[in-house]
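Each chain, written out:
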Amino acid sequence: MTQSDYQFDTLKVRAGYDPKEHNYSVAVPIYQTVSYELGDTARVDRLLSFSELGWLYTRITNPTVHVLEQRLTALDKGTGALAVGSGMAAVSYTLLNLAEGGGRIITTPRLYGGTFDAFKKLFPKYGVTIDFVDDPDNIEAYAAKVTDDTKGIFVETISNPNAALVDIEALASVAHNAGVPLVVDNTFATPYLFRPFEHGADIIVYSATKGIGGHGAALGGAIIENANFKWDNGKFPQFTEKHHLLRDRQTDVLRSFLDLAPTFAFTLRVRLTHLAYLGAALGPFDAYLLLQGLETLSERISKQVATTSVLIKYLEEHPKVVWVQHPAAKGNKYRALAERYFPRGTGSVFSFGFRGTPVEYNKFIDSVRLFSFQANVGDARSLIINSPKTTHGELTNEEQAFAGITPDTIRLSIGLEDPVDLIADLEQAFAKASE
Ligand code: PLP
C-alpha cells in the first residue's frame, strides 16, 4: 500500500512523515535551526543546481515545515505545496506569482476584509489590477470580465463572513476557457469539507491559522497546486522562460521552472522568488503546531459543523433574530450548491442579525461570557465578532454593501464547547442587550 492509497483520516496523522528518517521520533521533530551544514563546496554546487535535494536555509525550506507541506499536499491530493507565514502571505504571493507587473485577476467582493482591501488598494500599486464582478452568483459575470491580460480567477469556496458559495465547477470552466487558472481560498472549508482539485480548481490557498491549526495558537498559510493547469499555454512566460536561479552550476545550462519541476512549478517559483525575497517564512515551531492541529481536523470540524446546525436552529427560532446566513439556514440560496459540493457540511462560521439598535448590537457583544470577542475563526473556542467594524472594518460603507455585509452583521465561529452552554450564553446576551 502506498501513501496515496490511504484514506483522509490516515493521511492527516501520517502523511509526509517517516520516523525512520528522523531518529525514529514519533512526533514530528521541530527543526529549530536557521541554517544547515553544507558539507563541502562540491555539495553546495549540487544543492544549488538541484541535482541533490537538501536543506540550505530555513527561509526557503525547513524539515518540519516540509512535513506540513507534504501532509497538506496529500490531504488535497495535489502535487506540490508551499507553507508560508500567514494566510495573507499565501494569497499575496499567489497573486504576484500569477500576475506580477501587469496582469489582471477576476474576483468577487465576497472576501475576507484584508484580502478585499489588499486587492483594491495595494495590488494595483504593484501592477496587479483586480476586476470585481458585480453579481458573484452569476457565472456569466466572471466570463464577461475576461480580457487578454486576465491571469486568473480568485474566489473563497465558503466566503467570509456570510458563508456564500459559488459554483466551483462552472467557474473552473470559465477560467479554463480563458486559459487561466482558478485559484480558491479554501480556508473556511479545509480539505476535510471540500477538496477543490476534484472540482476543477488549479491553485488552493489556505490561512492555516484557522481550521487547519484549529487552536488559535499559530499563524500560517499554504499554497497547493496540482499538475493539471498548462502553464505553457503562452499566457505565463514566467514558468517557461529560462531563469537565472535555475542555472546548473556544473554545466552552466539555464532551466525554466517547468523544466525543473513540471508538477510543482507554481510553488517552486513562489518559494525561490517571493518567499525567498519578500520573506514571510513559516517558523518550524508554528509548523509543528499546525501539524498537531491537522491530526484532529476531521474530529474537530465534524463536531463544529454539528454544533453549528444546533446554533443556527436556535437563532432561527429566536424572536429577536431577523436573519441568519449559512447554507444550513432555512431558505438559504446556496442550499443546492451546498448539497452538491459539501456533503459533510459548509463549516462553522456564519453570520446573523437581530432586531435592535447599534447600541444594542454592541451591548450584545459586550455581554457574552463564553464566546470570545476576537478576530479569528476556526478555533477550538467559539468566537464572536461584529464584522463591519473589525474583520471588514477597512471597507467603506459602500464596499461593505457591495460585499453583502449589512451594519447589523454579527459573525460567529463555532468551537468545541457544548452547544447547551453556547445557547445559554447567547440567550443571556440577548436579554442584556435589550435591558
Ligand atoms: N483568507 C480568509 C478566508 C481569512 O478569513 C483570512 C483571515 O481571516 C485570511 C485569508 C488571512 O489569513 P491570516 O490571518 O492567516 O493571514
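The rules behind the values
Residues numbered from 1 in each chain as written. Predicted model: local features only at pLDDT ≥ 70, side-chain atom pairs only at ≥ 80, totals over all residues. Heavy atoms only, no water. Helix = DSSP H or I, 4+ residues; strand = E, 2+ residues; numbered from the N terminus. Rg over C-alpha atoms; globule rule 2.2 N^0.38 Å. Buried < 20%, exposed > 50% of the residue type's maximum accessible area, 1.4 Å probe, protein only. Contact = heavy atoms within 4.5 Å. Domains from an automatic or database assignment. Buried area = accessible area lost by both parts, 1.4 Å probe. Salt bridge = Lys/Arg side-chain N within 4 Å of Asp/Glu carboxyl O. Polar contact = N/O pair within 3.5 Å; in protein donor to acceptor, adjacent residues only side chain to side chain. Axes fitted to C-alpha atoms, helices over the stretch in contact; angles between N-to-C directions. Left-handed = near helix turned anticlockwise from the far one by under 90°. Nonpolar A, V, L, I, M, F, W, Y, C, P; charged D, E, K, R; others polar. Near = heavy atom within 4 Å. Areas by Shrake-Rupley, 256 points an atom, 1.4 Å probe, with all protein chains shown as cover. Pairing = 2+ DSSP bridges. Phe/Tyr/Trp six-rings, centres within 6.5 Å; stacked < 30°, edge-to-face > 60°. Lys NZ or Arg CZ within 6 Å of the ring centre and 35° of its normal.

Participant: Now, about the overall build of the protein: what can you tell me, with residues and values included?
Facilitator: Within the protein one finds 17 helices and 12 strands. The C-alpha atoms of the protein give a radius of gyration of 22 Å, which matches the 22 Å a tight globule of 435 residues would have. Counting all 435 residues of the protein, 57% fall into the buried class. Sequence-distant contacts, at least 24 apart, represent 72% of the contacts inside the protein between residues at least 6 apart.

Participant: Let's hear about the domain arrangement of the protein: which residues, and what values?
Facilitator: Examined at the domain level, the protein breaks down into domain 1 (3-293) and domain 2 (297-434). Measuring from the centre of the C-alpha atoms in domain 1 to the corresponding centre in domain 2 gives 29 Å. Listed by partner, the interface residues are 48 residues for domain 1 and 42 residues for domain 2. Roughly 3,600 Å² is buried in total at the junction of domain 1 and domain 2, and carbon and sulfur atoms are behind 58% of that figure. For the pair domain 1 and domain 2, the number of links is 6 salt bridges. Glu 399 is the salt-bridge partner of Lys 121, the closest N and O atoms lying 3.6 Å from each other. Across the contact surface, domain 1 and domain 2 share 23 residue pairs in polar contact (both at pLDDT 80 or more). Among the elements of the structure, helix 1 (8-14), helix 5 (113-122), helix 7 (168-177) and helix 8 (190-193) are those that each provide at least two residues to the side of domain 1 that touches domain 2.

Participant: Please give an account of the packing of helix 3 (residues 63-75) against helix 12 (residues 284-294) that cites residues and values.
Facilitator: Packing of helix 3 against helix 12 leaves a shortest axis separation of 8 Å and a crossing angle of 35°. As for the relative orientation of helix 3 and helix 12, their crossing is left-handed in sense. Residue-level inspection shows Thr 64, Val 65, Val 67, Leu 68, Arg 71, Leu 72 and Leu 75 of helix 3 in contact with helix 12, the latter providing Pro 284, Ala 287, Tyr 288, Leu 290, Leu 291 and Leu 294. In terms of residue class, the contact of helix 3 with helix 12 is built from 11 nonpolar, 1 polar and 1 charged.

Participant: Account for the site of the ligand, naming residues and giving values.
Facilitator: Near the ligand you find 14 residues, and of these Gly 87, Met 88, Asp 185, Ser 207 and Thr 209 are the closest. A distance of 2.8 Å separates an oxygen atom of the ligand from a polar backbone atom of Met 88. In the environment of the ligand, an oxygen atom lies 3.1 Å from a nitrogen or oxygen atom belonging to the side chain of Lys 210. Coverage of the ligand by the protein chains reaches 91% of its 390 Å² of free accessible surface.

Participant: Explain the sheet that holds strand 7 (residues 221-225) to me, and be specific about the residues and the numbers.
Facilitator: One open sheet holds the 7 strands; their spatial order is 1-7-6-5-4-2-3, and the pairing between them is mixed. Looking at the sheet topology across the chains shown, the edges are occupied by strand 1 (80-84) and strand 3 (129-132). Strand after strand, the sheet turns through a mean of 20° between neighbouring axes, direction not considered. Strand direction decides the pairing type here: strand 2 (residues 104-107) and strand 4 (residues 150-156), joined by 4 bridges, are parallel. By the bridge assignment, Ile 106 is partnered in strand 4 with Ile 153. Set on the sheet, helix 4 (residues 87-99) makes contact with strand 1, strand 2, strand 3, strand 4, strand 5 (182-185), strand 6 (203-207) and strand 7; between it and strand 6 the angle comes to about 155°.

Participant: Give me the lowdown on the pairing of strand 1, citing residues and values where you can.
Facilitator: In terms of burial, strand 1 is a largely internal element, 5 of the 5 residues being buried. Alternating residues of strand 1 divide into Gly 80, Leu 82 and Val 84 and Ala 81 and Ala 83, and every residue in both groups is buried. Relative to strand 7, strand 1 runs antiparallel, the two being bridged by 5 bridges. Note on strand 7: the bridge partner recorded for Ala 81 is Ile 224.

Participant: How would you summarise the environment of Ser 159 if you had to cite specific residues and measurements?
Facilitator: Its location among the elements puts Ser 159 in the loop between strand 4 and helix 7. By relative accessible area, Ser 159 is classed as buried at 3%. The spacing of Ser 159 and Gly 87 is 72 residues in sequence and 15 Å in space, taken between C-alpha atoms. For Ser 159, the residues in contact, after removing those within four places along its chain, are Arg 110, Ala 164 and Phe 188.

Participant: Go over the environment of Asn 233, please, and point to the residues and values.
Facilitator: Mapped onto the secondary structure, Asn 233 falls in the loop between strand 7 and helix 9 (237-240). Engagement of the side chain of Asn 233 in a polar contact is seen with the backbone nitrogen of Lys 235, the distance being 3.0 Å.

Participant: Could you give me a rundown of the sheet that holds strand 11 (residues 383-385), with the residues and numbers involved?
Facilitator: Overall, mixed pairing links the 5 strands, which are arranged 8-9-12-11-10 in an open sheet. Two strands close off the open sheet at either side, each with one partner strand: strand 8 (321-325) and strand 10 (372-373). Two strands pair when backbone bridges link them, and strand 11 and strand 12 (residues 410-413) are joined in this way by 3 bridges, in the antiparallel orientation. Note on strand 12: the bridge partner recorded for Ile 384 is Leu 412. Each of strand 8, strand 9 (349-354) and strand 12 is contacted by helix 13 (residues 297-317), which is oriented at about 10° to strand 9, the strand it contacts most.

Participant: Requested: an account of the packing of aromatic side chains, with residues and values cited.
Facilitator: This model, assessed by the stated rule, comprises 21 aromatic pairs. Ring centres of Tyr 36 and Trp 55 lie 6.4 Å apart, and the angle between their planes is 40°; this geometry places the pair in the tilted category. On the criterion of sequence distance, the pair formed by Tyr 36 in the loop between helix 1 and helix 2 (41-49) and Trp 55 in the loop between helix 2 and helix 3 is long-range, its members being 19 residues apart. Judged by relative accessible area, Trp 55 falls into the partly exposed class, the value being 30%. Between the aromatic rings of Phe 352 and Phe 364, the centroid separation amounts to 6.0 Å while the plane-to-plane angle is 80°, which identifies the pairing as edge-to-face. Taken as a pair, Phe 352 in strand 9 and Phe 364 in helix 15 (residues 358-367) lie far apart in primary sequence, 12 residues in all. Just as Phe 352 is buried, Phe 364 falls in that class too. Joined through ring pairs, the aromatic side chains of Phe 229, Trp 231, Phe 236, Phe 239 and Phe 266 make up one cluster. Geometry around Phe 132 places Lys 120 over its ring, the cationic atom sitting 6.0 Å from the centre.

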